[in-house]
Amino acid sequence: MKRAENYVMMEFLSRSSNEGFARIVAAGFAAQLDPTLDELGDIKTAVSEAVTNAIVHAYPNELGKIVLKLKILEGSVLEITVRDWGKGIEDVTKAREPLFTTGGEERSGMGFTIMESFMDRVNVKSAAQKGTSVVMRKRIAPRISGKR
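Since the model is a prediction, treat every value here as computed from it, not as a measurement. (Residues numbered from 1 in each chain as written. Predicted model: local features only at pLDDT ≥ 70, side-chain atom pairs only at ≥ 80, totals over all residues. Heavy atoms only, no water.)

So what about the pattern of salt bridges? Which residues, and what values?
Enumeration according to the criterion identifies four salt bridges in this entry. Ionic pairing is found between E74 and R3, a salt bridge with its closest N-O pair at 3.5 Å. With a gap of 71 residues between them, E74 in the loop between strand 2 (65-73) and strand 3 (77-84) and R3 in the segment before strand 1 (4-13) connect regions that are remote in the sequence. The class of R3 is exposed, set by a relative accessible area of 53%. R137 serves as the salt-bridge partner of E79, at 2.7 Å between the closest nitrogen and oxygen. In this pair, E79 is assigned in strand 3 and R137 in strand 5 (residues 131-139), connecting sequence segments 58 residues apart. Comparing E79 with R137 shows no difference in burial state: the two are buried. (Salt bridge = Lys/Arg side-chain N within 4 Å of Asp/Glu carboxyl O. Helix = DSSP H or I, 4+ residues; strand = E, 2+ residues; numbered from the N terminus. Buried < 20%, exposed > 50% of the residue type's maximum accessible area, 1.4 Å probe, protein only.)

In structure tokens, the structure reads:
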């Protein structure tokens, strides 16, 4: 396992207004790796999807705790963990299928697919009534003389 060179952790309530705040925190933390605007957009989108999943699915009828952990690992790798202690995912494999949702007609069922398309690696662990942890990693290639 790679050693963390830097990290930050924050806890917040599962209110939809906190999703945007989590995006900004992740982007601000990732900025120390000097990502491109496209990479920052990818990071913000992946965080939005993971946090929104926790808000909508983990705590559908109540407010609960969500923790966002951000780490810079050796090799310019950003690791993002979104953890909740909600109802959990019954079948993680099924939940990761495109278009599968338990959130009703207004949900696209593309959350995990979007996370996987923007990040290098996505791991999901979940247990019924104990919550879910989504760990995402993205390597930010160092720039040389302003170019990649």
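A description of the packing of aromatic side chains should follow, citing residues and the corresponding values.
Counted under the stated rule, the structure contains zero aromatic pairs. Over the aromatic face of W85 sits the side chain of K65, whose NZ or CZ is 4.4 Å from the ring centroid. Lying over the aromatic face of W85, R83 brings its terminal NZ or CZ to 4.3 Å of the ring centre. (Phe/Tyr/Trp six-rings, centres within 6.5 Å; stacked < 30°, edge-to-face > 60°. Lys NZ or Arg CZ within 6 Å of the ring centre and 35° of its normal.)

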